[in-house]
Amino acid sequence: MSYVQVMIEHEVLSLNRPFTYFCSFPIQKGCRIRVPFSHRILMGLVIEVSETKPETSYEILDAIEAVDEHPLLNGELFDLASELSKDSVSSLMSVFKTMLPAAYKPASKAGGEVFETWLIKDPIPEDELQRLKLTKKQKEIYEALPLEIIRSKARKEFSASIIKTLEAKGLLRLESKLKTYQLVHQKKLKQPPELTESQRMALFAIEHGDHRPFLLHGVTGSGKTEIFFRLAQKALEQKKSVLLLVPEISLTPMMIERVCSRFDVPVLVFHSRLTKAEMASEYQKALLMDYGIVIGTRKAVFTPFKNLGLIIMDEEHDSSYKQDNTPKYHTRDAAIFRANYWHCPLILASATPSLDSYARAARGIYQLVEMERRISNTVSAIHLIDMKSERNIGGISVPLIQQIQKRLERKEKTILLLNRRGFIPVMKCASCQEVLLCEDCGIPLSYHKKEQALVCHVCGRHYPVPEVCPNCHKRNWSVVGLGTERLEENVRDLFPQAKIVRMDADSTRTKNAHEILLNDFEADGDILIGTQMVAKGLDFEKVTLVGVLQADAALVRADYRAAETTYQMLEQASGRAGRGRYPGEVYIQSYNPEHYVMQSIVHHNYLAFFKREMNYRHLGTYPPYIYMASLVFIHEDPTLAYSMADQWVKTLREQGVNVFGPLELSMRQKKSRIRILIKDKSIENLRNTCWQVAKKHHEKSRQVKLEINVNPMMLEE
Ligand SMILES: Nc1ncnc2c1ncn2[C@@H]1O[C@H](COP(=O)(O)OP(=O)(O)OP(=O)(O)O)[C@@H](O)[C@H]1O
Ligand SMILES: [Zn+2]
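Keep in mind the model is a prediction, meaning the values are calculated, not measured. For every chain, the first residue of the written sequence is number 1, and numbering continues from 1 along that sequence. Working convention: letters from A go to chains and numbers from 1 go to ligands, in the order in which they are written. Per-residue local features are limited, in this predicted model, to residues with pLDDT of at least 70; the limit for side-chain atom pairs, both in listing and counting, is 80 or more; totals at the level of whole chains, interfaces and linings are taken over all residues. The basis for every side-chain value is the complete set of heavy atoms in the structure, and neither hydrogens nor water enter the calculation.

> Quick question: what am I supposed to make of the sheet that holds strand E9 (residues 173–178) here?
For sheets, the rule is that strands pair by backbone hydrogen bonds, running either parallel or antiparallel. The pairing criterion is simple: DSSP has to find at least two bridges between the two strands. Strands are runs of DSSP state E lasting at least 2 residues, helices are runs of H or I lasting at least 4, and numbering of each runs from the N terminus. Taken together, the three strands give an open sheet; going across it, the order is E8-E7-E9, and neighbouring strands pair in antiparallel fashion. Only two strands of the sheet have a single partner each, and these edge strands are strand E8 (148–150) and E9. Put simply, the sheet's adjacent strands are angled 35 degrees from each other on average, direction ignored. Here, axes are lines fitted to C-alpha atoms. For helices the fit covers the stretch in contact, and angles between N-to-C directions go from 0 to 180 degrees.

In structure tokens:
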């Protein structure tokens, strides 16, 4: 018998506190529990268990039942959750739900096919078997059955009716077991290569460093992965686990392959494409694992460990490390927390570190380790193509076409980057200039040829293509702009013999699609066309040419990080060429070749870019010089949302807070969104202000939704 503190399943801030229940059954902290709550039965998570009755002003009700036998979260993860909740200004329950695999979320409706039924053949004395009088067929099948088998499999492979009979006669016992998966195939192990001089120096610096996080700034192709592996090897030798974070699902297959061909230890994988049951199975394995390697995207940072010895965050600059929806946490912050908890090294690695991280390294908050040479010892030549004067066919400049032709003749490979999917980015009427917009979001729709549909790239809604313009009723659609789907067609027209592989959000919807496409390209592909996902991490020896189309498209965004993200994308894309024996060349098509982003790329000069960009951030008072939070008020009625935002601007201004807005953003799902921005030199002050708004807003209005983003990675328009 005990008293338990329970956080109930709802994520709202008004319920962001524990409720007390009386518990007549055994339960541990970190288990889910069913409890009565205002005339309903809800699921919750036990955050404390005590023998003594706590002081409460309300009647203590009886909890109904335990859902888990063993805790899903340990003490460390509880502490991490409470820190992330405070820091991201979101409810503790929203953090728990993000941490746990979907199948284990505390939610009444949760569940899923995580368990499957097994048949167990317990030993039975011969005379007992005689007494049951089995037919010849029944006996045959009984004897043929293995000691343990999944029930559905047994029914399919043998006879469903006979299996049923054997169950009824008590010869087969039913047992419910967690579905497990062998996601990773073991391969022959590879021997580690001899380290280069610059790798040895970097490794030495890390092994002789102190407790602060490391920022490993190594140019593309400098062999950072080998550094990870040497460090991992040491941790594993001490029987400690290694957490290896990668930004995007597209990078996991390559990393899994590399890890599995080096280490003969358990490897667990977490990413968003796993099914509910696979995710739950990996999580259960982690709870039981003594030591091993965990590879994964954002969510992997919440893996439970018995003993963690090393955290690596590869491509640390990538914006997918920040979660878009509540809780809007950054994986880096969670990684820093865990490294502190386990007193283990944290390696933030990138060829193009985020400005935030590099600035921190400059101030000594991180330890900077640099690798300036590529393994191949080559430097790719960067050619800027001025599209204002250069002739092009289907969006590809003549010099780039000539280079692709050369690669085809030499049986080398080309990567073409165009960061826009679909066929035509904007559907426009050539007669009246009408642009077709998403009804829910108010942003232009893209034409996707294969699907014969107009698609909103924000909400994903599909629309049929109208015969005529809804405005002027003429049939005169203009085909302006270029998406990856159309680029593929154009390249096919130019090089009909080439084998082309296209990788973008449309071609990678299905499970394992990334892996299949990349394998295709590596095997016999000539040209890989894709969005920013082809710019990252790929390591193919035969790629000697990279072409970037519309390199400055992303520069025109109003976001304060537009230059930074463009720089990172271009430098990363350039880095895919010339990684092996053959030197690489990069062709960047730009309308603005004098821009400092383009110039820094040409000269492979990160530091020049960093200094210039920091200067602009200083002038505009943007991060990393200050901290920033965006508060978005959301409602169908724009005037209601606006007045709410406007009141807060006035109130905060009276308190001396540095606040900007209100500003109307594009709609989402037919709802208006009004944003205010807060800037502060102190992150604590900024968070306090946000919490103050969040709590008061909640008391004042339940109708207008408020979304808070502390340290947003991007400011939308
Ligand atoms: N010491 C070494 N000797 C020979 N080859 C090596 C060595 N270290 C790494 N390599 C090879 O060099 C290539 C580039 O290494 P790696 O992929 O680790 O680069 P990286 O620094 O992660 O680059 P990026 O930031 O572009 O992803 C790989 O094919 C790797 O196998
Ligand atoms: Zn939309």
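> Sorry, what's going on with the packing of aromatic side chains here?
The geometry of an aromatic ring pair is captured by the separation of the ring centres together with the interplanar angle, meaning the angle of the planes. We call Phe, Tyr and Trp rings a pair once their centres come within 6.5 Å, taking the six-membered ring for Trp, and we label the pair stacked below 30 degrees between planes, edge-to-face above 60, and tilted otherwise. Per the stated rule, a full pass over the model turns up 16 aromatic pairs. Chaining the aromatic ring pairs together yields one cluster made of Tyr358, Tyr567, Tyr596, Tyr606, Phe609, Phe610 and Tyr616. Remark: a charge is flagged as sitting over a ring if the NZ atom of Lys or the CZ atom of Arg is within 6 Å of the ring centre and within 35 degrees of the ring normal. In this structure, Lys29 packs its charged tip against the face of Phe78, placed 4.7 Å from the ring centre. Sitting over the face of the ring of Tyr142, Lys121 holds its NZ or CZ atom 5.0 Å from the ring centroid.

> Please clarify how the side chain of Thr220 should be interpreted in this entry.
Following the sequence through the fold, Thr220 ends up in the loop between strand E10 (214–218) and helix H8 (224–237). Whether a residue is buried, partly exposed or exposed follows from its accessible area with a 1.4 Å probe, protein chains only, as a fraction of its type maximum: under 20%, in between, or over 50%, in that order. Residue classification places Thr220 among the buried residues on the basis of a relative accessible area of 7%.

> Explanation requested: the site of ligand 1 in the structure shown.
Nearness is defined per residue: one heavy atom within 4 Å of the molecule or strand is enough. Neighbouring residues of ligand 1: 20 residues in total, closest Glu194, Lys224, Thr225, Asp539 and Arg579. The backbone of Glu194 places a nitrogen or oxygen atom 2.7 Å from a nitrogen atom of ligand 1. Counted as a polar contact is a pair of N or O atoms within 3.5 Å, where, for protein atoms, one must be capable of donating a hydrogen and the other of accepting one, and residues adjacent in sequence contribute only when both atoms are in side chains. Arg579 places a side-chain nitrogen or oxygen 2.7 Å from an oxygen atom of ligand 1. Surface accessibility follows the Shrake-Rupley procedure with a 1.4 Å probe radius. Residue values consider only the protein chains on display as shielding. Summarising the interface, the protein chains cover 80% of the accessible area of ligand 1, which totals 640 Å² for the free molecule.

> Would you mind going over the nonpolar core with me for this structure?
Within soluble globular proteins, side chains that are nonpolar tend to cluster in buried spots. The biggest cluster of nonpolar side chains holds 88 residues, and the ones touching the most others in it are Leu73, Phe96, Met99, Leu243, Ile311 and Leu528. Should any heavy atoms of two residues lie within 4.5 Å, those residues are considered in contact. Ignoring sequence-local partners within four residues, the contact set of Ile311 consists of Leu243, Leu245, Ala335, Arg338, Ala339, Cys344, Pro345, Leu346 and Ile347. Ala202, Ala235, Met255 and Phe263 belong to the second-largest nonpolar core, a separate cluster that totals 33 residues. Among the buried residues, those of types Ala, Val, Leu, Ile, Met, Phe, Trp, Tyr and Cys that are joined through side-chain atoms within 4.5 Å form a nonpolar core.

> Any chance you could explain the pairing of strand E30 (residues 627–635) here in plain terms?
Moving residue by residue along a regular strand, the side chains alternate between the two faces of the sheet. The element E30 is largely enclosed, with a buried count of eight among its nine residues. Sheet topology note: the E30/strand E32 (residues 671–680) ladder contains nine bridges and is antiparallel. Paired with Met628 across the strands is Lys679, a residue of E32. Where E30 lies against strand E33 (residues 705–710), six bridges are found, and the strand directions are antiparallel. The residue of E33 that forms the bridge with Ser630 is Asn709.

> For this particular structure, what's the right way to read the pattern of salt bridges?
Side chains carrying opposite charge are able to pair once their charged atoms draw close together. A pair is scored as a salt bridge if a Lys or Arg side-chain nitrogen falls within 4 Å of a carboxyl oxygen belonging to Asp or Glu. Applying the stated criterion across every chain, the model contains 44 salt bridges. Among the ionic pairs, Lys136 bridges to Glu140, the shortest N-O distance being 3.9 Å. With Lys136 and Glu140 both in helix H4 (residues 136–144), this residue pair falls four residues apart, about one helical turn. One salt bridge connects Glu489 with Lys449, and the closest N-O pair in it is separated by 2.9 Å. With a gap of 40 residues between them, Glu489 in helix H14 (residues 484–494) and Lys449 in the loop between strand E22 (446–448) and strand E23 (453–455) connect regions that are remote in the sequence. Ionic contacts of the salt-bridge type, sharing partners, join the residues Arg407, Arg410, Glu412 and Glu585 into one network.

> How should I be thinking about unusual backbone geometry in this particular structure?
Across residues other than glycine, the phi torsion is negative in most instances, and most of the peptide bonds are trans. Here the bond from Thr326 into Pro327 is cis, since omega is -5 degrees, no more than 30 degrees from zero. In this fold, Pro327 is placed in the loop between strand E14 (308–314) and helix H11 (331–342). A cis amide bond links Gly661 with the next residue in sequence, Pro662, at an omega value of 0 degrees. Within the secondary structure, Pro662 is located in strand E31 (residues 658–668). The residue Glu315 is not glycine, and still its phi comes out positive at about 50 degrees. Of note, Glu315 is situated in the loop between E14 and H11. Residues other than glycine seldom take positive phi values, yet Lys670 does so here, at roughly 65 degrees. We classify Lys670 as partly exposed; its relative accessible area is 48%.

> Sorry if this is basic, but what is going on with helix H18 (residues 606–619) here?
Given 3.6 residues to a turn, an α-helix orients residues that are three or four positions apart in the same direction. A helix is expected to reach a length of 1.5 Å times the quantity of its residues less one. Along its 14 residues, H18 runs 20 Å from first to last C-alpha, staying within 8% of the 20 Å computed at 1.5 Å per residue. Considered for burial, the residues of H18 that qualify are Tyr606, Phe609, Phe610, Glu613, Met614 and Arg617. Angularly, the buried residues of H18 cover 125 degrees about the axis, an arc narrow enough to put them on a single face. Opposite the buried face of H18, at more than 90 degrees from it, the exposed residues are Lys611 and Leu619. Among the structural elements, E10, helix H12 (355–362), helix H16 (562–574) and helix H17 (596–602) are those in contact with the buried residues of H18. Note that the arc is defined by the directions from the helix axis to the C-beta atoms.

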